[in-house]
Amino acid sequence: MKSHSLAPSDFAGAMAGRINALVALDDAIALIRAGAPLAIAGRKEALDQLPAGNWIGGTTPYFLTAEGGEMIDATRVFVTDFSGLGAVTSHHYDVDALQDITEEAPEHGFALAILPFQSQAHQRFAKEAGQYPLAFLKPTVGWIAGFDLGEEGSSAYVYDGSGSGALSDGAAVLQIHLPEGMMPIVEIVNIFSADGVDTLRFEEASFSPRDVIVNGQKRLFADYIRERGVEGGQLPLVGDYSGARINASLRAVGETTVDLYAPVFPGIDYAFAAPVEDYPSAFAAQFAAHDHDGAMWSCNCILNYLFGGLEGKTVGGVAGPVTFGEIAYQLVNQTLVQVRVI
Amino acid sequence: MALPSKSAPCWQKLANGGLKKLRTTNLGAQMLSQRLEMSKLTPAQKADEVYDFFVKWERGLANEIAQLSSI
């Protein structure tokens, strides 16, 4: 296990260098007390010990680091430091005020949001964020908090840094102002592409679509999935958003029901993804096509971590939480999200 | 290349299908294009939204702006 180990004298340099790594819990506490604006991810038992300050957090024990993917215990947390930019402020938005994330986002900057998996906020944001009037003028990135899949009955939580503790709903948000002349670039790295077999459409926005239109013919979605042999969930639906590939992943397939990790929407052409043999190689190939100057923050999906066997493996050298959903303007699945500031 | 003025016809063209024809890898532009295609906004409102997007992100849209004259 590797993590930053910071001596008190390291903090000035660390603040200038902007930590984006696993650190010992005591070091995270010291950074908070030093006034650093932070996004923090870790186990609930660790996040519960953090003092009030200018930070937000969310639960997950899974991470990608420059040394490889790993699952951590409660002695460490993952810290992204936003020092040295413009003003950074922490907030909590209730489920009925999620649109205010973009309304109140800085003119020059972006919002970093964390929402708990399976919360009302998760459901609402997933269905509505792409329609917020300022969605593409004031970008939101972020992730869906999760939990240790090996711990039965676990839940996801977020933290707004106010000292109010673990929050099971709403969105914890850092509003990150950037200096004049700097701007955020929101990017996704998606190793999946449409398999080209069928074109799928859905009649309504839903996490649980009953029916699917397959090449113009309406049928039970669960039957179609089984017929295709993709009920294992490794392959997401890939939506064509004017050339952008936006995934919605399978969560469960019942006799007549299908549950997804992100909603499908009417008016979008979907297809199941073609199989990916080697996730690290696929990410490396996709990464080569992207610019990484100014990379500041990223997250990747728990399904990529699990299905791709990313524990102990690096993904393009990026570091960040492994999440139960990713946010790049709207909710996406099985995708690496990255923010660069240029 | 300078951004065309708000009254330039390219914004109406972009808002009514032209955005989808742009060669772009800009995620925001792609998602906005899809939203406008399904939107019930008037053509003028859509054109305003496209114009505001290009003004806001002009520095990162050089390749897209270079294509506007051929839309």
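Caption draft 1: Representation of the overall build of chain B in the model. Counting secondary structure elements, chain B contains four helices and zero strands. Secondary structure of chain B in N-to-C order comes out as α-α-α-α. What you see for chain B is a C-alpha radius of gyration of 11 Å, in line with the 11 Å of a compact globule of 71 residues. For chain B, the C-alpha atoms occupy an extent of roughly 30 × 25 × 20 Å along the three principal directions.

Caption draft 2: Spatial organisation of the pairing of strand β6 (residues 76–81) of chain A. Residues and elements named next belong to chain A. In terms of burial, β6 is largely enclosed, as six of its six residues are buried. Residues Arg 76, Phe 78 and Thr 80 of β6 are buried on one face, and the alternating residues Val 77, Val 79 and Asp 81, pointing to the opposite face, are buried as well. Sheet topology places strand β1 (residues 20–24) next to β6; five bridges connect them, and they run antiparallel. Within β6, the position partnered with Asn 20 by the bridge is Thr 80. Strand direction decides the pairing type here: strand β2 (residues 38–42) and β6, joined by four bridges, are antiparallel. Each residue of the ladder has a partner; that of Ile 40, found in β6, is Val 79.

Caption draft 3: Focus on the interface of chain B and chain A. Taken together, the contact between chain B and chain A spans 15 residues of the former and 16 residues of the latter. Per element, the largest residue contribution to the side of chain B that touches chain A is nine residues, and it comes from helix α2 (residues 27–38) of chain B. Taken together, the residues that form the side of chain B that touches chain A break down as five nonpolar, five polar and five charged.

Caption draft 4: Structural context of the nonpolar core. All names here are of chain A. Core analysis: the largest hydrophobic core is formed by 128 residues, its most contacted members being Ile 40, Val 77, Val 79, Leu 112, Ala 145, Ala 171 and Val 173. The biggest single contributor to this core is strand β8 (residues 109–116), with six residues. Two domains each provide a minimum of three residues to this core, namely domain 1 (8–186 + 284–341) and domain 2 (200–272). Excluding its chain neighbours within four sequence positions, the residues that come into contact with Val 77 are Val 23, Leu 25, Ala 28, Ile 40, Ala 41, Gly 42, Ala 46 and Leu 47.

Caption draft 5: Highlighting the sheet that holds strand β24 (residues 330–332) of chain A. Residues and elements named next belong to chain A. With respect to topology, six strands assemble into an open sheet ordered β7-β11-β8-β9-β23-β24, the strand pairing being mixed. The sheet is open, and its two borders are formed by β7 (88–93) and β24, each paired with just one other strand. For this sheet the average axis-to-axis angle between neighbouring strands, irrespective of direction, equals 20°. In the sheet, strand β9 (residues 140–145) pairs with strand β23 (residues 326–328) via three bridges, with the strands oriented antiparallel. Paired with Trp 143 across the two strands is Glu 326, which belongs to β23. Against the sheet, helix α5 (residues 120–128) makes contact with β8, β9, β11 (171–177) and β24, and its axis sits at roughly 135° relative to β8, the strand it touches most.

Caption draft 6: Up close: the environment of Gln123(A). Within the secondary structure, Gln123(A) is located in helix α5. Along the chain, Gln123(A) and Phe307(A) lie 184 residues apart, while their C-alpha atoms are 24 Å from each other.

Caption draft 7: Spotlight on the confidence of the model for chain B. All names here are of chain B. Put simply, chain B has an average pLDDT of 95, and 100% of its residues get 70 or more. Taken element by element, the predicted model of chain B shows its lowest mean pLDDT in helix α1 (residues 10–21) (94) and its highest in helix α3 (residues 43–56) (97). The complex prediction reports pTM at 0.95, with the ipTM value standing at 0.97.

Caption draft 8: Molecular detail of the domain arrangement of chain A. All names here are of chain A. Per the domain assignment, the segments making up chain A are domain 1 (8–186 + 284–341) and domain 2 (200–272). For domain 1 and domain 2, the distance between their C-alpha centroids amounts to 28 Å. Contact residues are listed per partner, giving eleven residues for domain 1 and eleven residues for domain 2. Put simply, the parts of the chain that give the side of domain 1 that touches domain 2 at least two residues each are α5, α8 (302–307) and β24. Considering each element in turn, the side of domain 1 that touches domain 2 owes the most residues, three residues, to α5. Of the residues that constitute the side of domain 1 that touches domain 2, the class distribution is five nonpolar, five polar and one charged.

Caption draft 9: Quick look at the sheet that holds strand β12 (residues 184–189) of chain A. All names here are of chain A. The sheet built from six strands is open, its strands ordered β5-β4-β22-β21-β25-β12 with mixed pairing. Edge positions in the open sheet fall to β5 (70–71) and β12, since each of these has one partner strand only. Alignment of strand β21 (residues 295–301) against strand β22 (residues 320–323), held across two bridges, turns out to be parallel. Across the sheet, Cys 301 pairs through a bridge with Thr 323, a residue of β22.

Thresholds applied
- Residues numbered from 1 in each chain as written.
- Chains lettered and ligands numbered in written order.
- Predicted model: local features only at pLDDT ≥ 70, side-chain atom pairs only at ≥ 80, totals over all residues.
- Helix = DSSP H or I, 4+ residues; strand = E, 2+ residues; numbered from the N terminus.
- Rg over C-alpha atoms; globule rule 2.2 N^0.38 Å.
- Buried ≥ 20, exposed ≤ 12 C-beta atoms within 10 Å, placed from the backbone.
- Pairing = 2+ DSSP bridges.
- Contact = placed C-beta atoms within 7 Å.
- Nonpolar A, V, L, I, M, F, W, Y, C, P; charged D, E, K, R; others polar.
- Core = buried A, V, L, I, M, F, W, Y, C linked by C-beta atoms within 7 Å.
- Domains from an automatic or database assignment.
- Axes fitted to C-alpha atoms, helices over the stretch in contact; angles between N-to-C directions.
- pLDDT = per-residue confidence, 0-100.

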